[in-house]
Amino acid sequence: MASKFGLAGGIPERRVRPIWDAIDSRQFKNALKLSTSLLAKYPDSPYALALKALILERMGKCDESLSVSLHAKDLLYKNDSSLMDDLTLSTLQIVFQRLDRLDLATSCYEFACGKSPNNMDHMMGLFNCYVREYSFVKQQQTAIKMYKHAGEERFLLWAVCSIQLQVLCGNGGEKLLLLAEGLLKKHVASQSLHEPEALIVYISILEQQAKYGEALEILSGTLGSLLMIEVDKLRIQGRLLARQGDYAAGTKIYQKILELSPDDWECFLHYLDCLLEDDSSWCNEASHHPVRLQKFVDCKLSHLTNEMFDSRISDALTFVQKLQADTSADFIRCPYLAKIEIERRKLLFGKNNNDELMETVVHYYLRFGHLACFTSDVENFLLVLSLDKKTELLKRLKKSSNSLSTVPIKALGQSITLLKIQELVGNLYSLPVDELERSAVQMSQMYCKNLPLSKDLDPQESMHGEELLSMACNVLVQLFWRTRNFGYIMEAIMVLEFGLTIRRYVWQYKILLVHLYSHLGALSLAYHWYKALDIKNILMETFSHQILPQMLVSSLWVDLNNLLRDYLRFMDDHFRESADLTFLAYRHRNYSKVIEFVQFKERLQCSNQYLVARVESSILQLKQNSDSIEEEESVLENLKCGVHFLELSNEIGSKSLTFNEDWQSRPWWTPTPEKNYLLGPFEGISYCPKENMMKDREANIPRVIERRSLLPRMIYLSIQSASVSVKENFEVNGSISDPKISSELKFLLDHNAKMLGCSLSDAIEVVLGVSSGLKSSEAFGADVIDWLNFAVFLNAWNLSSHEVMQPDVDGCRTSTWHIVNSLLKKFILDVRSMESLVCSLRFDLSMLVQLVTEPLAWHMLVIQSCVRSLLPSGKKKKKSGSADQSTSPLLHEIRDSIQSTCGIVEEVAKWLGHHINRSEDENLDIIFSSLQKSGEGEGPGQVFQILGAFISSNNETELGDGISQALKSWSPVEVARKFVAGQRTELREFLLICESKIKSLKALQQQMAQV
Amino acid sequence: MATIRRFCCNDLLRFTSVNLDHLTETFNMSFYMTYLARWPDYFHVAEGPGNRIMGYIMGKVEGQGESWHGHVTAVTVSPEYRRQQLAKKLMNLLEDISDKIDKAYFVDLFVRASNTPAIKMYEKLGYVIYRRVLRYYSGEEDGLDMRKALSRDVEKKSIIPLKRPVTPDELEYD
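Residues numbered from 1 in each chain as written. Chains lettered and ligands numbered in written order. Predicted model: local features only at pLDDT ≥ 70, side-chain atom pairs only at ≥ 80, totals over all residues. Heavy atoms only, no water.

Comments concerning the interface of chain B and chain A
Quoted interface sizes are often the accessible area lost when the parts come together.
Thought 1: Between chain B and chain A, the contact holds 53 residues from the first and 63 residues from the second.
Thought 2: Contact between chain B and chain A buries roughly 5300 Å² in total, counting both sides, with carbon and sulfur atoms accounting for 60%.
Thought 3: Among the residues of chain B in contact with chain A, Met 1, Leu 13 and Leu 20 of chain B are the three that bury the most area, contributing 15% of the side total.
Thought 4: The interface formed by chain B and chain A includes three salt bridges.
Thought 5: Two residues, Glu 25 of chain B and Lys 536 of chain A, come together in a salt bridge whose shortest N-O distance is 2.8 Å.
Thought 6: Taken together, chain B and chain A are joined by 18 residue pairs in polar contact (both at pLDDT 80 or more).
Thought 7: Elements with a contribution of two residues or more to the side of chain B that touches chain A: strand E1 (3–6), helix H1 (16–19), helix H2 (29–38), helix H3 (86–101) and helix H4 (116–124) of chain B.
Thought 8: Ranked by residues supplied to the side of chain B that touches chain A, first place goes to H2 of chain B with seven residues.
Thought 9: Residues belonging to the side of chain B that touches chain A are distributed by class as follows: 24 nonpolar, 17 polar and 12 charged. (Contact = heavy atoms within 4.5 Å. Buried area = accessible area lost by both parts, 1.4 Å probe. Salt bridge = Lys/Arg side-chain N within 4 Å of Asp/Glu carboxyl O. Polar contact = N/O pair within 3.5 Å; in protein donor to acceptor, adjacent residues only side chain to side chain. Helix = DSSP H or I, 4+ residues; strand = E, 2+ residues; numbered from the N terminus. Nonpolar A, V, L, I, M, F, W, Y, C, P; charged D, E, K, R; others polar.)

A closer look at the confidence of the model for chain A
Thought 1: Per-residue pLDDT for chain A has a mean of 90; in total, 92% of the residues score no lower than 70.
Thought 2: Long-range and interchain partners of residues 874–882 of chain A, a stretch whose pLDDT sits below 50, account for seven contacts in this model, where long-range means more than four residues apart. (pLDDT = per-residue confidence, 0-100.)

As for helix H31 (residues 591–605) of chain A
Given 3.6 residues to a turn, an α-helix orients residues that are three or four positions apart in the same direction.
Thought 1: With 15 residues, H31 of chain A extends 22 Å between its outermost C-alpha atoms, agreeing within 8% with the 21 Å of an ideal straight helix rising 1.5 Å per residue.
Thought 2: Taken together, the buried positions of H31 of chain A are Tyr 591, Lys 593, Val 594, Ile 595, Glu 596, Phe 597, Val 598, Phe 600, Lys 601 and Leu 604 of chain A. (Expected span 1.5 Å × (residues − 1). Buried < 20%, exposed > 50% of the residue type's maximum accessible area, 1.4 Å probe, protein only.)

Observations concerning the packing of helix H43 (residues 889–917) of chain A against helix H47 (residues 972–1010) of chain A
Residues and elements named next belong to chain A.
Thought 1: The N-to-C vectors of H43 and H47 enclose an angle of 155°; their axes lie 9 Å apart at closest approach. Comparing the axis directions of H43 and H47 gives the class roughly antiparallel. As H43 runs across H47, the sense of the crossing is left-handed.
Thought 2: Residues of the contact of H43 with H47, tallied by class, amount to 17 nonpolar, four polar and six charged. (Axes fitted to C-alpha atoms, helices over the stretch in contact; angles between N-to-C directions. Parallel < 35°, antiparallel > 145°, perpendicular 65-115°, else oblique. Left-handed = near helix turned anticlockwise from the far one by under 90°.)

Points about the pairing of strand E3 (residues 52–62) of chain B
Residues and elements named next belong to chain B.
Thought 1: For E3, the buried fraction is high: 11 of the 11 residues fall into the buried class.
Thought 2: Where strand E2 (residues 43–48) meets E3, six bridges bridge the pair, whose relative direction is antiparallel. Pairing of Gly 48 across the sheet is with Arg 52, part of E3.
Thought 3: What sits between the antiparallel neighbours E2 and E3 is a turn of three residues, in which Gly 50 has the positive phi angle 75°.
Thought 4: For E3 and strand E4 (residues 69–77), the ladder comprises eight bridges, and the chain directions are antiparallel. Residue pairing in the sheet places Val 61 in a bridge with Gly 70 of E4. (Pairing = 2+ DSSP bridges.)

So, in structure tokens, the structure goes:
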């Protein structure tokens, strides 16, 4: 980094190098010492100061670092003679960026560029600053200056990209594209283009303006030779022709691509689109490289006459036949799948060709039915068939499988495919229970029988027939849903654990276990399997949905905290470094990536999960600190008293959130917060497309974020309101309640009520009704927690506003304190009444956890705030002149509420203790008796028995050493033990939370005794 | 059956089921994005029907003089699409680009010494074990540096195996 003549920022390089070395090896103390002595010699050197600031920042002394770097900046500005060298600027830039003060870095470079307008290094630095700030307009202006100065192609393209960014990611109108086009045209006329990426950008600028003809012309001219990969060029040509409406030419191009790469499925679809003049796949630019899997059902075909359609289809068939004849390799599937697609289009056009369609699928099955991807290959085609036809297809496939391959691995593959198609067709629900059971048995038997096929495989390779156990699990879950017999779900767990004993890497089993264990209240075990999947980096964005919702309502705070922290750190790191990577793309002249990177960052910033995680990690902190009002207040202070989240809550409606979750890896029945099939009665389905699950989620999430992000502010206001009310009550010259707090809290309560679907007065009536027993608890619907939170905040607000009228019930005044007490008691003690825990579902437990850690915790904060105000500074004596407190109704209410709350938590703790201390044997008995098949009739246990029988017939020569050894280590008792321990972990954590609350409540009781 | 095209950022949101494989590493964002920003022609993805990600390859081109070479950083195929020669197709593409566009001398890759199935596959594709790198993987497992000569290395000098193993700090490139 040394500049000319061995000088670095005007200082001999030999003096600076040791400092950089110390920084690089993270010896910051040493670096600081060296930097201090350097400063003694060069006290006014901006570079020496910048270095010191850098070290201070790395040591975490941000304030000091900022003041030193500001000093360096001042010196840089003031001293005309001082060197405005690149090293000083870039060092300062690093410090300012790390201090999150991009604006200061930018102004340094702006100043430097003003001083020496033709310095390309400074201009490049300035451009980089604007990239970091996402200031597309200024980026453009700077790049143009550089282009004018140096005349290089790359700077022009920097400007063009900046223009494109204004249009695509900023608020620039499309007219700007004309400007970009003009710049490029002029440059091409005088200097041509030399970079393939420049050409790609040029074409995209034209394409965005629908100037397809011009783009095609350029592509077929000399510039076209910049694209070295022939297929890439043809693909662009085909797309442009199709978008232009020149379908005949488009068809030819796609035909050409298919001749070069006959297995290119997307290209075949485009070929058919062109042939049938269907532009639907090009209409929507956003559908290009979509994040979701594409489901193709609709096609635009109606504009063709019958004759035209027939003749085009016959062309297509001829072409496909030619492709089939030309390709000899037996793994090339596209020309065969193409036939099904042709039949599908015929069906959509209105030809009643169900039979032909099914026949082509059967043919495809005969050729490729043994492949694991067969089902996903044909999945989309099944969508056009009615349920009856699907069932018929299944029959035909089964019939054709009578002639299964003689190669055992192939035969196994074909059998598995049939089972997968059956699962996909979704008619399992119509089978009687005993037949379903047989199906699960058959799957497990097939798995065991075919294990010898995997004898010689490397332990890290996937085994033949692995899918069978996942499928057996799905069937057992279906049986559980139908019969509510706990044994089936336990059996499903055993099947998966058995599979993992043999092959510990099968992630499909682990995902299923995550959901089954979560559902049965063994969340720590679910989390264990989740961790075993090694989910990190971007996978956290796409995969966390499998565990995060369950964790958010659990008592496993430490694990939840890690989960949220790792995820938020990943996302925030990306947001921080994304601009530098964008600049890297600029520097390496990969312009199309510039646009992609910026769009991707925006996509992640709008991630629903990211917003949820941000809100929930703050709420988690609030929960964790709620037993001490002082700690809670410091958390709130860090959260700016909840103001930011309030803004988020207000904005959420106008934000378009992105949903980046990957649902493919998740079975359709797995519970989500929106839908938990396993809790409800059997709905007569055995398959539900995942799109429905996503739709529900997308509709629900903005509402959830809107509601949850109000919480921190409402907690803050409630604490304030409670404290003010006490002072007002008891201090003669006490502060008068702050009308702003009261009115804001009222406003938020009103808002909260609206989110619960009614007006404030109606909401008050509902809580009153439910608390007094006049209304059923059903009135709260699924929003129990939100309603109880509402009641708690209502009480806090009423303390200072006294607006809620208190009707007499049986001659007793019902205060809002009383409402809260009785609601908490009612709901918490209700849930707690569930009996056997080992086979109950975690839903009840998570509800209980939420009740105690949210509304009850917030209510405790209101109490703490009151008590603290009663005892102004610690345990000082009552202030003289205060009114007589001891008989005040407020004091009475507070004492009552403490006692009631404490009683509730003690009950919960007692109940938890009872379950935790239950003997392990008793729990194991429950589990194994649920798996005990009694007599000949229906019931769980058959699959479990098969596994047991298989183990006892363990044949080492047949199975090989690896599998045989693994089988020997299989222990169902160990599985059951871990399951019970897993359930206890969450209970224990919950008990600790309760104990801490009890302690805090007892302390409050004592404090009140002194009042 | 695969449409092979350049990998793009959105694919990072879609490759979950491929990366759940225990032998497929999920790198941090700057790693992927550096590859995309610098060597987009060396990062390709294969898509199947319904736009499912079947697998992908990421690599780069680097080195000086006769050690100018293509490097395979990762190649992976989802279990559903294995045993269909997809990895071969992806490898051939990268070799082609190294050979024809960048005029490199050879292509190399590192593989865990214990990953027998992968080593066998690379051997089938024409790679030879050039040298062993001691404790290359997290300071524990040895890695094998495998190479395949390209047309520019007429005498196939680049793939003459080294007689002794090397340590990670002796490697010319990361």
